[in-house]
Amino acid sequence: MVFRKPPDGGWGWVIVVVSFFTQFLCYGSPLAVGVLYLEWLDAFGEGKGKTAWVGSLANGIGLLASPVCSICVSSFGARPVAIFSGFMVAGGLMMSSFAPNIYFLYVSYGIVVGLGCGLLYTATVTITCQYFDKRRGLALGLISTGSSVGLFIYAALQRELIELYGLDGCLLIVGALSLNILACGSLMRPLESSSSPRPEKMCVDKVPDQYFVYHEKEKTIEENISILEKGYIDEKCVNNVPDCKQDIILNKNVLSSINVNEKDTYKKKVVEQTNFCKQFAKRKWQLYLTYWKETVVLFKNKVFSALFVAILLFDIGGFPPSLLMEDVARSANISEDDYYMPLISIIGIMTTVGKLILGILADFKWVNTLYLYVTTLLMTGVALFAIPFAKSYLTLAMLSGILGFLTGNWSIFPYVTTKTVGIEKLTHAYGILMFFAGLGNSLGPPIVGWFYDWTQEYNTAFYFSGFCVLLGGFLLLLAALPCWNACTNQSAKLPPNTYSYKVASNT
């Protein structure tokens, strides 16, 4: 497949629009799952920790399966994957409306919907990167806001649908809305060269021997030829007996020589195929060894190791508010009449604002993106410590807005990763970090819920969350201090292809 140069416009803007709506439709319900969380608590009567697994799986499984999602998009293309994933998300939401217990929701909502969202995220990012080069940052920023806008709208939409049609009706309607992903996916036209010649059938004689595989079906052609030759010889024998005997003897000699040559050729092909398989397996093994060696080298960079711990702790402590804030308000005995807007909607709209503002700040040369990211972590930890002291809707709304804005630091996380390991190792390092981010998303809400089940109040849970985020921020700050490079002279001692933060930031 031959790809044209990215047009940076044209049909690419259609791709941006459909990718925006794809993320809006697929991530709206999982990110606003806090509204459904309250209904599941009442419907199934399970503990808060056990019930929180549903939402945490839906948001974390896509990141955990990111390597598999990348392989699927690379193998089948963005459009087929988007259409198939649309069926997964819609089917998972609709199946969840018939859930008899919480364990059924783990599969239907947590795994099926979560994996569908992960596939759709990878498909939208991949197809957008193919259509844009110079304006890639703008295009990716626009489509990434789809999930935040979805969180803002779906929080209010799901609450209204529950009041009108109940929990089951809400999930059926939301699942039906998700079928619009199929229309969006059908517009994700692959960027192929229309002027490229169609592949012609390759002549058998031009194919190298090592690509041939012996099949029993090849014998049928030779048998048909021998039958035709036999019929020709029999016809000739009727007209001329002496010539017939000579042809028979000559034909036997030719066939015997062909059979010998075929046996030698077949043995040669078997040997070549065996050697090819051995070399292929050896090459794959070398690639795996190289991958693990590069991973070890990455973790020798102390800033990357601290970043890995920070993102894990940040998602364990920072993700639960978006899922549990509505239940926090209910536990604080805040009347529904005081609600001007769902707290999750406030988190969603402020996350969009945070992504835009923090992304703009990261483009200034005088801003150190690593220290900016550390600042957001430390402020998030302080805001989490303040949640137990909030006893009114206004204070919870203010804290929700602050936490939503700081959660927008996801937009600068790729910048931080690039500054830490260098552009050459960005893909490898980012994949590792996203895996542990998904692990943190999956573990955070259940841990906070278990704290509530043990203590029957959220204070201890959010103290724990704030401690996790602050610990990750301080570790990253200590690892990034320039005095470490001066004291240990790290740049001279690191093995090749390893970057300190100071060296990487200069590059």
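Every value quoted in this text rests on a predicted model; they were computed, and no experiment measured them. (Residues numbered from 1 in each chain as written. Predicted model: local features only at pLDDT ≥ 70, side-chain atom pairs only at ≥ 80, totals over all residues. Heavy atoms only, no water.)

## Overview of the state of the cysteines
Scanning the model with the defined rule gives 0 disulfides in all. In this structure Cys26 is not part of a disulfide, and its nearest cysteine sulfur, from Cys117, lies 4.3 Å away. Residue class for Cys26 comes out buried when judged on its relative accessible area of 1%. The exposure class of Cys117 is buried, given its relative accessible area of 1%. (Disulfide = S-S within 2.5 Å. Buried < 20%, exposed > 50% of the residue type's maximum accessible area, 1.4 Å probe, protein only.)

## Structural notes on the packing of helix H12 (residues 320–331) against helix H13 (residues 343–362)
Describing two packed helices takes the angle between their axes plus the distance from one axis to the other. Where H12 contacts H13, the axes come no closer than 8 Å and their chain directions differ by 150°. Two packed elements cross with a definite hand, and for H12 against H13 that hand is right-handed. Between H12 and H13, the residues in contact are Pro321, Ser322, Met325, Glu326 and Ala329 and Leu343, Ile344 and Ile347, respectively. Taken together, the residues of the contact of H12 with H13 break down into 6 nonpolar, 1 polar and 1 charged. (Axes fitted to C-alpha atoms, helices over the stretch in contact; angles between N-to-C directions. Helix = DSSP H or I, 4+ residues; strand = E, 2+ residues; numbered from the N terminus. Left-handed = near helix turned anticlockwise from the far one by under 90°. Contact = heavy atoms within 4.5 Å. Nonpolar A, V, L, I, M, F, W, Y, C, P; charged D, E, K, R; others polar.)

## So, the pattern of salt bridges
Evaluation of the coordinates by the stated rule reveals 5 salt bridges. The residue Asp42 makes a salt bridge to Arg330 at a minimum N-O spacing of 3.4 Å. You can see Asp42 sitting in helix H2 (residues 33–44) and its partner Arg330 sitting in helix H12, a full 288 residues away along the chain. With a relative accessible area of 37%, Arg330 lands in the partly exposed category. Asp327 is the salt-bridge partner of Lys48, the closest N and O atoms lying 2.7 Å from each other. (Salt bridge = Lys/Arg side-chain N within 4 Å of Asp/Glu carboxyl O.)

## Points about the packing of aromatic side chains
The full count for this structure, using the stated rule, is 13 aromatic pairs. Judged by centre distance (6.4 Å) and plane angle (80°), the ring pair of Phe21 and Phe24 falls under edge-to-face. Here Phe21 and its partner Phe24 are both found in helix H1 (residues 11–31), 3 residues apart, which amounts to about one turn of the helix. Site record: aromatic cluster; members linked through ring pairs are Phe20, Phe21, Phe24 and Tyr154. Across the ring face of Tyr452, the terminal group of Lys48 is positioned such that the distance to the ring centre comes to 4.6 Å. Its end group placed over the ring of Trp11, Arg189 keeps NZ or CZ at 4.2 Å from the ring centre. (Phe/Tyr/Trp six-rings, centres within 6.5 Å; stacked < 30°, edge-to-face > 60°. Lys NZ or Arg CZ within 6 Å of the ring centre and 35° of its normal.)

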